[in-house]
Amino acid sequence: MKKKLVSALLCMAMVGTMLVGCSGGNEGGTDDSKSEDKASDTEVVDESAEVSDKLAEEIKSQVPDKDYSEYTIGFCGMTLNNEYHIIVANAVAQSGKALGMKVEIQAGAEHQSVEEQLTIIENYVSQGVDGIILVPAASEGLISALQECKDAGIPVINLDTKLDDNTLKTLGEDIPFYGTDNYVGGQMVGEKVAEMYPDGCKTAILRGVQGQTNDDDRYNGFLDKAGDVVDLVAEQHANWETDLGYTAIQNIIQANPDLQVIYCENDLMGIGAYQAVDEAGLTDKIKIFSYDGVTEGLQYVIDEKFVSTCAQQPIEMGKLGVVNMAKILAGDKAETYIDTGCKLVTIDNAEDTLAETEKYAAEISATK
Amino acid sequence: MKNKHNINLSDWIIYIGMIGIFFVFTIICSAMGKNFLNINNVMNIVNQASINAILAIGASIVILTGGIDLSVGSVVGFVGIFLAMNIKSGMPIPVAIILCLICGAVIGLFNGILISYGKVPAFITTLGSMQAVRGLAQIINGGQAVSGFPLEIGALMKTKFFGVVPIGVLYVVVFYTVMILILSYTKFGRGIYALGGNSHAARLSGIKVKKLEVIVYILCGMFAAFAGVMLLARLLYADPSAGSSYEMNAIAAAVIGGISMSGGKGKLANTVVGAIILATLTNGLQIMNVATYYQTVITGLVVIVAVFADKRKERKAE
């Protein structure tokens, strides 16, 4: 009897926790039932946080004078399970709040959740949001959702990962894009490798999700500058994930024990790659060049586990998205394209960049 | 006599398949000038298979009872974050690991009670807990990854015996040996087969079916939690999305190993071979530098072929 009681209590406790976890996200407002299972993602962005005066001033100074409190914008992120995308989402949420707008935050569960993004956008359209800020999970495949936005007259702004030209052509509309030119970022890494290994080197590349423009650009940019120098012995798609990067590098090292350079298209795969190289005891021989500049990636550069990483400006993207959405809502024209730039972070500037990122992140997650 | 010979062959078919795959890869790789078949790479493969192999124990015993557990991948992700946060805050590693195993057990208990006493289909229950647990993994650290914890935890996966045998192999050997013995020689083990074969008959023969089912899900949750500890020790980086779709790999390993999805039939010893076959495919294809998406196709086809070959016996009987 006692046992049964205990198990019943444990069971109730479990159900309780899960219910709390699942219902918390609905405070944001008009989520419908379909988005309920994504409620955990909404939790990530602290909507109750107040915006710092500095940020409010900065955002307000860039937009036409107007009362924006009537407007709701929907942010559809690629995912909210890594720092980079959380920063973009936070930047959008905080900047929107600075203008008094209501901002809803939803994202796919994983990097390649195109169908989930379709659902999210459709929900936004049926809720009648005033604008949508989108970080697409794939550069193609969102046409039908974008078409719905167009039909409903809802403006869309594209951040971070660019929708591909064919999609835009099919849609017959130019969607403003603010993000890093990943091709240029790839070129920076390529130049660095070419400079360090003028006589060539055996190189492996860990790529992201096939079909995303980010992946192609980071890859092609790299090869544009380093293609003549490097001897590309292996390339694998590790889908931006740490564990897949780890396994792939273990196997690549097995096939190419004389490997010298690994170029990872994001820091998460880079972390996995480093663990594999470290386990093989080859950290002296194999150098890792990474990309993204999340805090852990920067820390890896400081610890000399990465030679470099290529930092982007996720906060800048989020701010620009909201500022330009406000311009559209006020009847002005938005900027059609802004390159938010990226910089190569090496041991020389890693500590400064890390401090800056943390400061920015602190600013954006705001004073309570 | 002839009949007996047939049964023997189908019992060994998975081993023949595994050796066949090794054989093919060895030939192709050596033709390409790559080194596939050596002790280092074999250990590499077993090590890469180890996490999935541990998960597959849970998947196998659950499937043997006629159920399924889809939540294990989420448990891996949750445990990784939970463990990393705990040891970062200074909790001694053994205590933190025990806490993780308790978490796994509680999630298993939750699944088991709903399935056995609540009569909710296993697929639905664990589909729900898969999402809920993944959500919890994101909530407990605000969706952020955890790093900067004491790296001593790495010893749990990075230790090597005699310079070649990774510790992951030890976990596989120990857990499989124990579980195989339990399944073959205890009342509990025979109960699992009886339940999966015919739950009504099992109940009539005096087996406490519901209690048994709950224990099976608790064990499955604990194996998943242990796999989560292993993954963290390997990567030294806890990501809330870690372990996604691991449940499918675990089920695939069990199915390749000949565990029948309808329950009651199959050998746990073959599950580990299933896990090794899956890891071998990834390993060999990546050594050959085959484009990633072809790897997925090839792996999928192998799963189907394996089950097809395994069912030969049943089809003949019909």
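### Focus on the confidence of the model for chain A
- Confidence in the prediction of chain A, expressed as mean pLDDT, is 82, and 83% of residues score 70 or more.
- Here residues 14-43 of chain A is modelled with pLDDT under 50, and outside its nearest four sequence neighbours on either side it reaches 46 contacts, counting other chains as well.

### Considerations on a nonpolar patch on the surface
Residue and element names in this part refer to chain B.
- Where nonpolar side chains cluster on the molecular surface, the patch consists of Phe23, Val24, Ile27, Ile28 and Met32 and spans about 460 Å² of accessible area.
- Mapped onto the elements of the fold, Ile27 is located in helix H1 (residues 2-31).
- Accessibility expressed as a relative area gives 46% for Ile27, which makes it partly exposed.

### What to know about the packing of helix H2 (residues 39-64) of chain B against helix H12 (residues 268-287) of chain B
Residue and element names in this part refer to chain B.
- Where H2 meets H12, the closest approach of the two axes is 7 Å, and the angle between their N-to-C directions is 135°. Overall, the two elements H2 and H12 adopt an arrangement that is oblique. Crossing of H2 against H12: the hand is right-handed. Residues Asn41, Asn44, Ile45, Gln48, Ala49, Asn52, Ala53, Ala56, Ile57 and Ser60 of H2 form the contact with H12, whose participating residues are Leu268, Thr271, Val272, Ala275, Ile276, Leu278, Ala279, Thr280, Asn283 and Ile287.
- Looking at the contact of H2 with H12 residue by residue, the classes come out as twelve nonpolar, eight polar and no charged.

### A look at the packing of aromatic side chains
Residue and element names in this part refer to chain A.
- All told, the structure shown has twelve aromatic pairs over all chains when counted by the stated rule.
- Their ring planes at 20° and their centres at 6.1 Å tell us that Phe177 and Tyr337 sit as a pair that is stacked. Placement of Phe177 in strand E5 (residues 177-179) and of Tyr337 in strand E11 (residues 337-339) is noted, with a sequence separation of 160 residues between them.
- Given the relative accessible area of 3%, Phe177 is considered buried.
- Plain terms: the ring middles of Tyr300 and Phe306 are 5.0 Å apart, the flat faces sit at 45° to each other, and that makes the pair tilted. An identical accessibility class is assigned to Tyr300 and Phe306; each is buried.
- Of note, Lys305 hangs over the ring of Tyr300, and the distance from its end group to the ring centre comes to 4.7 Å.

### Examining the side chain of A:Gln187
Residues and elements named next belong to chain A.
- Structurally, Gln187 can be placed in helix H8 (residues 182-196).
- Only 2.6 Å separates the side chain of Gln187 from the side chain of Asp224, close enough to count as a polar contact.
- Residues contacting Gln187, with those up to four places away along its chain left out, are Gly221, Phe222, Asp224 and Lys225.

### Considerations on the sheet that holds E5(A)
Residues and elements named next belong to chain A.
- Spatially, E2-E1-E3-E4-E5-E11 is the arrangement adopted by the six strands of the open sheet, whose pairing is parallel. Both edges of this open sheet fall to strand E2 (102-107) and E11, since each of them pairs with a single strand only. On average, each strand axis in the sheet is inclined to that of its neighbour by 15°, with strand direction left out of account.
- Looking at chain direction, strand E3 (residues 131-134) and strand E4 (residues 156-159) are connected through three bridges and run parallel. Along E4, the bridge assignment pairs Leu134 with Asn158.
- The sheet contacts of helix H4 (residues 83-98) involve strand E1 (72-77), E2, E3 and E4, and relative to E2 the element is tilted by about 165°.

### So, the interface of chain A and chain B
- At the junction of the two partners, chain A supplies 42 residues and chain B supplies 44 residues.
- Counting every contact that joins chain A to chain B gives one salt bridge.
- B:Lys158 is the salt-bridge partner of A:Glu279, the closest N and O atoms lying 2.5 Å from each other.
- Broken down by secondary-structure element, the contributors of at least two residues to the side of chain A that touches chain B are helix H1 (2-23), helix H2 (39-43), H4, strand E7 (231-237), helix H10 (242-255) and helix H11 (267-279) of chain A.
- The greatest single-element share of the side of chain A that touches chain B, amounting to nine residues, is contributed by H10(A).
- For the side of chain A that touches chain B, the residue count by class is 16 nonpolar, 16 polar and ten charged.

### Let's talk about empty space enclosed by the protein
Residue and element names in this part refer to chain A.
- Counted by the stated rule, this structure contains six cavities of 30 Å³ or more.
- Empty space within the largest cavity amounts to approximately 110 Å³.
- Surrounding the largest cavity, twelve residues form its lining, His85, Asn214, Arg218, Trp240 and Asp292 being those nearest its centre.
- Put simply, the parts of the chain that give the lining of the largest cavity at least two residues each are H4 and helix H9 (213-226).
- For the lining of the largest cavity, the domains that each give at least three residues are domain 1 (33-180 + 313-340) and domain 2 (182-311).

Rules used throughout
Residues numbered from 1 in each chain as written. Chains lettered and ligands numbered in written order. Predicted model: local features only at pLDDT ≥ 70, side-chain atom pairs only at ≥ 80, totals over all residues. Heavy atoms only, no water. pLDDT = per-residue confidence, 0-100. Contact = heavy atoms within 4.5 Å. Patch = residues over 30% accessible without salt bridge, like charges linked within 9 Å, V, L, I, M, F, W, Y side chains within 5 Å. Areas by Shrake-Rupley, 256 points an atom, 1.4 Å probe, with all protein chains shown as cover. Salt bridge = Lys/Arg side-chain N within 4 Å of Asp/Glu carboxyl O. Helix = DSSP H or I, 4+ residues; strand = E, 2+ residues; numbered from the N terminus. Buried < 20%, exposed > 50% of the residue type's maximum accessible area, 1.4 Å probe, protein only. Axes fitted to C-alpha atoms, helices over the stretch in contact; angles between N-to-C directions. Parallel < 35°, antiparallel > 145°, perpendicular 65-115°, else oblique. Left-handed = near helix turned anticlockwise from the far one by under 90°. Nonpolar A, V, L, I, M, F, W, Y, C, P; charged D, E, K, R; others polar. Phe/Tyr/Trp six-rings, centres within 6.5 Å; stacked < 30°, edge-to-face > 60°. Lys NZ or Arg CZ within 6 Å of the ring centre and 35° of its normal. Polar contact = N/O pair within 3.5 Å; in protein donor to acceptor, adjacent residues only side chain to side chain. Pairing = 2+ DSSP bridges. 1 Å grid on protein atoms, 1.4 Å probe; cavity = no way out; pocket = protein on both sides within 12 Å on 5 of 7 lines; lining within 4 Å. Points joined across faces, edges and corners; volume = space filled by probe spheres on them. Domains from an automatic or database assignment.

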